[in-house]
Amino acid sequence: MPEPADSRVIQVSAAAKVYIAGTLLLGMGAFAYAGMIWPRADPYRFAFYLAVAGFAAGLKVRLPGSVATLSVTFFFQLLAAVELGFSQAVAVSILGGLIQTCWRPKLRPQPIQVIFSCNVLAISAGAAALAFDSSFIHLLGLEFTARVALATTALFLTNNLLIAGIVCLTQGKQLRDTLKSFAWYFPHYLAAAIVVALFHALSHVAGWQTALLSLPAVYVIYRAYQGQIERVEAHSQHVEQMAALHIRTIESLALAIECKDATTHEHLGRVQVYALEVGRKLGLGEADIEAIRAASLLHDIGKLAVPEHIINKPGRLTPEEFEKMKIHPVVGAEILETVQFPYPVVPIVRSHHEKWDGLGYPDGLKGEEIPIGARVISAVDCLDALASDRQYRRALPLEQAMDVVRKESGKAFDPRIVEILDRHYVEFEQKAKAQTQHGESKLSLDLKVERGLAPAAGFESSEAPPPPPLTASVKADFAAQQEDLWALLERIQEVGPALRLDETLALAAMRLRTIVPHACFAAYVLRERVLHPLYVTGEEEKYFSSLQIPVGQGLSGWVAENRKPIVNGNPSVEAGYLSDPTKFSKLRSAASVPIESGGHLTGVLTLYAAPKDAFTQGHIRGLQAIAARLGVVIEKGAAAPASDTPGCDQLTGLPNARHLFLHLQQEVARCREEGLPLSVLMGDLDRFRSVNSQFGKSAGDRLLQTLAENLRAACGEDGYIARMAGDDFAVVLPGISAQAASARVPALQQAVREAGLTVFGADLVSLSVGVSNTQESQLDGDTLLDDAARDLMRAKRDGVMHLQSRG
């Protein structure tokens with residue numbers, strides 16, 4: 001009979017309260033009926049049975065891993081039912097229950113628990129007495145042996161069914177599993193039935209005093225119980241140790257996943273809390289619950305086989321990347337098959353991306369074909385992923401995340417599971433937060449190991465490996481990039497001395513994006529062993545513009561200290577960048593080279609990109625060539641006074657590059673909102689360098705000033721023209737389609753020829769133009785400028801004007 005638990009750990013549901021009340025009513029009915037039919041029997045015989053039953057109730061053994069106890073009271077319940085009848089059997093059972101629950105308990109029982117235990121014993125003893133000696137049994141004409149067997153069965157079933165019912169209702173266990181755990185008691189009941197039959201025969205020959213002989217039998221049964229419990233406890237300890245080993249293995253594997261995806265570890269812990277709560281609400285069996293406990297931590301272990309740049313990609317996957325991602329449930333299942341879990345973990349891991357409507361992967365399972373654990377984890381995983389920060393988006397509020405899951409009910413997710421989440425997600429979230437507040441194991445991913453000077457095989461050679469054989473198309477692309485690079489170097493050398501420092505850097509940043517694709521351009525200048533942002537443009541420029549990087553720290557600081565380039569470094573290690581939790585980086589690779597002039601370090605040029613491994617050794621060589629040109633410009637221009645009119649070009653009076661960028665951003669936003677097209681023209685003078693050399697810089701300046709006036713007139717009132725740098729001009733045409741923008745190019749080219757005729761009296765210069773356009777597009781201003789610059793490069797190579805339209 002179970003010994004009651006401490007009141008602080010008892011949680012009684014409404015169903016359990018109804019069950020207890022029904023049991024108490026039935027027990028009190030049995031007690032009242034016993035009093036009504038109390039027989040006139042030998043009081044000494046009754047007192048003897050009471051005493052022996054009380055002694056037997058004190059011989060109890062504690063069940064392993066529980067506060068419940070087991071005694072041999074059932075033997076005297078059966079003996080009293082056979083020898084004394086209904087009333088006295090009930091009385092003997094109640095006394096046994098009082099002694100078992102109140103005599104030296106491990107935890108002090110509540111009064112209701114004592115009353116419930118006594119009522120269960122009274123009901124089971126009464127059932128045994130009726131099964132042995134009721135009017136109905138006499139009508140059947142059963143033999144004594146059959147009646148004893150029937151009474152024993154009634155005692156066993158009534159006692160254990162009543163106990164199993166309350167265990168299921170208060171501890172959330174399945175009735176079938178609980179009854180299985182009680183099944184091993186039945187052989188002891190059968191042994192007790194044999195002993196009771198023998199005592200019954202002896203009492204008819206030698207009197208009821210022969211019941212004294214039951215004491216050795218009671219002790220033998222007690223010792224048998226004790227031995228059996230010790231064996232069960234030893235087995236239970238072994239099982240618990242193996243279970244603990246499984247759990248530690250699972251947690252270790254979950255930490256392995258964290259090495260690939262640092263956002264995964266906390267996410268998995270939260271998924272486990274949610275999934276277990278949903279499983280309990282569904283009334284799943286113990287095996288399914290344990291499978292969910294393990295699979296919720298391990299369902300993403302197959303991501304170890306997925307390239308890291310795909311897992312951490314800060315944007316949507318390409319079809320090819322998605323094909324790589326789809327292997328992770330299969331690989332995860334194959335990894336875990338070798339563990340041989342005692343519960344169905346592998347099917348859950350394999351199927352956790354299946355969908356209720358059959359459109360999931362890898363097997364296209366549908367509805368109930370999907371393992372229940374996989375259905376639970378699928379819905380829970382989606383909910384927590386939506387409510388958590390990811391590389392490609394911020395977290396949704398929990399209510400909005402639940403709305404998304406709710407809309408997928410009957411499509412991606414099991415409607416029953418969505419219904420449970422919808423009713424209890426706030427409660428589950430509180431439990432998940434409480435769980436994550438406890439300390440969790442963290443890997444030393446940021447540890448710097450001081451020892452170890454070099455790998456056994458030595459360092460990689462600083463010389464770039466020989467390039468692979470090039471196809472004709474690759475050769476053509478490479479030659480075009482090289483030509484663009486040398487054109488940029490010549491332009492910096494040509495116009496750099498005539499421009500302000502910020503204009504030169506703006507020119508380099510704009511042209512460089514078409515040669516070395518990147519998301520952010522950052523030029524840092526060295527002052528007192530600290531790198532200060534000199535010019536930053538592109539994604540996350542406000543973060544990189546705020547950095548102050550000491551030499552030797554972070555990626556750019558390492559380049560400054562060692563005067564060596566880095567290819568595909570990690571932008572997140574820039575000093576101070578991610579120490580602020582409000583800063584969220586999408587960038588995953590960087591190329592950085594030192595900027596030197598006259599043998600000393602001037603600064604560092606760093607490009608940041610979103611894709612993993614976005615840069616090559618060829619890019620590094622190009623950056624080194626550009627940095628060599630910029631070194632002289634930065635050294636001379638860093639100390640130059642700022643312009644009195646920051647947004648205006650001093651020579652021509654046109655808006656400068658900085659003002660162009662601001663204006664273009666505003667126009668892009670306005671045209672997108674109003675549904676208007678937007679075109680950008682980018683022009684570059686042909687043969688300007690030779691004219692400048694032949695007639696002198698003052699003549700070149702007059703040409704640019706005259707040209708500015710002509711271009712302003714040719715653009716009309718709806719056009720905005722700016723001098724970007726040197727002889728580079730840009731025209732912004734809001735509300736103008738690609739075809740209309742192309743139609744304006746001849747007028748601009750005519751304006752250039754007229755300026756040449758005005759200044760030199762001859763047609764000495766011409767204009768190459770690149771065009772880009774967007775209509776109701778999500779492109780930004782930088783992309784439009786990049787497209788126009790790329791088109792301009794092709795125009796200068798081919799000697800014709802090209803049109804590139806994005807819309």
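The shown structure was predicted, so the numbers you read here are calculated from the model rather than taken from an experiment. (Residues numbered from 1 in each chain as written. Predicted model: local features only at pLDDT ≥ 70, side-chain atom pairs only at ≥ 80, totals over all residues. Heavy atoms only, no water.)

With that settled, consider the overall build of the chain. For the chain, the count of helices and strands is 29 helices and 13 strands. Evaluated residue by residue, the chain yields a buried proportion of 48% over its 807 residues. Sequence-distant contacts, at least 24 apart, represent 68% of the contacts inside the chain between residues at least 6 apart. Summed over all atoms, the accessible surface of the chain reaches about 39,100 Å², with 57% contributed by carbon and sulfur. (Helix = DSSP H or I, 4+ residues; strand = E, 2+ residues; numbered from the N terminus. Buried < 20%, exposed > 50% of the residue type's maximum accessible area, 1.4 Å probe, protein only. Contact = heavy atoms within 4.5 Å. Areas by Shrake-Rupley, 256 points an atom, 1.4 Å probe, with all protein chains shown as cover.)

What follows is about the sheet that holds strand β5 (residues 549-550). Across the sheet, which stays open at both edges, the six strands sit in the order β5-β4-β3-β8-β7-β6 with antiparallel pairing between neighbours. Pairing within the sheet leaves two strands with one partner each, and these edge strands are β5 and β6 (566-569). (Pairing = 2+ DSSP bridges.)

A separate point is the pattern of salt bridges. Applying the stated criterion to the full structure yields 23 salt bridges. One salt bridge connects D414 with R416, and the closest N-O pair in it is separated by 3.9 Å. The shortest N-O distance in the salt bridge between E419 and R423 comes to 3.0 Å. You can see E419 and its partner R423 sitting in helix α19 (residues 415-436), four residues apart, about one turn around the helix. Classification of E419 by relative accessible area gives partly exposed; the value is 46%. According to the relative accessible area criterion, R423 is exposed, its value standing at 53%. Via salt bridges that share partners, E277, R280, E427 and K431 belong to a single interconnected network. (Salt bridge = Lys/Arg side-chain N within 4 Å of Asp/Glu carboxyl O.)

Okay, helix α17 (residues 372-386) next. Taking 1.5 Å as the rise per residue, α17 with 15 residues should run 21 Å; its terminal C-alpha atoms sit 22 Å apart, in good agreement. Across the 15 residues of α17, 14 count as buried, placing the element largely inside the fold. (Expected span 1.5 Å × (residues − 1).)

Overall, the predicted model of the chain reaches an average pLDDT of 77, with 74% of residues at or above 70. Mean pLDDT values for the elements of the chain range from 39 in strand β13 (residues 802-805) up to 94 in helix α16 (residues 346-351). Scored below 50 in pLDDT, residues 641-645 makes three contacts in the model with residues more than four places away or belonging to other chains. Residue range residues 800-807 is modelled with pLDDT below 50. Its contacts to residues more than four positions away, or to other chains, number 35 contacts. (pLDDT = per-residue confidence, 0-100.)

Relative to each other, helix α3 (residues 73-83) and helix α4 (residues 86-102) sit at 170 degrees, their axes nearing to 8 Å. If you check the angle between α3 and α4, you find them roughly antiparallel. As for the relative orientation of α3 and α4, their crossing is right-handed in sense. Contacts between α3 and α4 involve T73, F76, Q77, A80 and A81 from the first element and A89, V92, S93, G96 and Q100 from the second. A class-by-class count of the residues in the contact of α3 with α4 yields five nonpolar, five polar and no charged. (Axes fitted to C-alpha atoms, helices over the stretch in contact; angles between N-to-C directions. Parallel < 35°, antiparallel > 145°, perpendicular 65-115°, else oblique. Left-handed = near helix turned anticlockwise from the far one by under 90°. Nonpolar A, V, L, I, M, F, W, Y, C, P; charged D, E, K, R; others polar.)

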